[in-house]
Amino acid sequence: MTLETTGTELARIVKERRTVHQFESKEVELSLIQELLDTSVWAPNHRLTQPWRFVSVKGEGRSRIAEIARKNVEKRESDPAKREEIGQKFYKRFMNVPVILVVVQKENPNLAVREDDFAAICCLIQNFSLLAWEQGLGLVWESYPLLTQAEFRETLGIGPGERAVASLHIGYPAKVPPAQPRTPASELLTVIDTPSS
Ligand SMILES: Cc1cc2nc3c(=O)[nH]c(=O)nc-3n(C[C@H](O)[C@H](O)[C@H](O)COP(=O)(O)O)c2cc1C
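Computed from a predicted structure; not experimentally measured. (Residues numbered from 1 in each chain as written. Predicted model: local features only at pLDDT ≥ 70, side-chain atom pairs only at ≥ 80, totals over all residues. Heavy atoms only, no water.)

Student: Before we go on, may I ask you to explain the environment of Ala179 in this structure?
Tutor: Position of Ala179 among the secondary structure elements: in the segment after β6 (173–175). For the pair Ala179 and Thr19, spaced 160 residues apart in sequence, the C-alpha separation works out to 9.1 Å. (Helix = DSSP H or I, 4+ residues; strand = E, 2+ residues; numbered from the N terminus.)

If you want it as structure tokens, here you go:
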């Protein structure tokens, strides 16, 4: 059965959005990011705690994160002959991302609130991903170990009581990967429409 809702513009964007890793060098205007965020904050948010803030890293600012990434991989590489090359590869990988947007959660001391807040932030990120896609932008939601690393957090001014939930690497896509198929939800749906006996 095809519902009318599957053909809407929103449905198309939801389905066509892809995680993008490769970007054109074209700059992304900060005003566009801000506008998309201003819409994204209309995410559902239990108790309206608005538990988020954002750190945007672009231009030469990227070298601060790129250097940390370089040091990390160089430390992990046991072959000294390969160390510099792989370090440079990672450095470049970060420098090639037009905008890095780190989404920060203000951690509520109450666990139940904190969990709801995390969920609200995930909703916000999905809002942002879809709105960005509509504007021709792609991104990857990175959850790499850097997010919890002290040097990364200090560099971005992420303090105690704050969690870096995601690092969004954003830019105009140079390549859009093919979709990975999803199991139709209809196969995963349990319907209960009679009272228990
Ligand atoms: C919570 C979360 C964490 C993710 N972390 C990463 C990551 O660290 N690296 C990455 O390449 N993709 C990451 N992704 C993106 C997923 O890998 C991607 O959504 C999945 O492969 C499906 O592809 P699609 O987004 O193009 O449909 C993450 C997605 C979510 C929701």
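Student: Can you walk me through the pattern of salt bridges in this structure?
Tutor: Should the charged atoms of two oppositely charged side chains come close, the side chains can pair. Counted according to the given criterion, the structure contains seven salt bridges. Put simply, Arg12 and Glu9 hold a salt bridge, and the shortest N to O gap is 2.8 Å. Of this pair, Arg12 and Glu9 are both found in helix α1 (residues 9–16), three residues apart, which corresponds to roughly one turn of the helix. Looking at Arg12, the relative accessible area reads 35%, which means it is partly exposed. Residue classification places Glu9 among the partly exposed residues on the basis of a relative accessible area of 45%. Residue Glu151 pairs with Lys71 through a salt bridge whose shortest N-O separation is 2.8 Å. With Glu151 in helix α6 (residues 150–156) and Lys71 in helix α3 (residues 62–76), this residue pair connects regions lying 80 residues apart in the sequence. In this structure Lys71 comes out as partly exposed when scored by relative accessible area, which is 37%. One salt-bridge network, in which partners are shared between bridges, spans Glu9, Arg12 and Glu16. (Salt bridge = Lys/Arg side-chain N within 4 Å of Asp/Glu carboxyl O. Buried < 20%, exposed > 50% of the residue type's maximum accessible area, 1.4 Å probe, protein only.)

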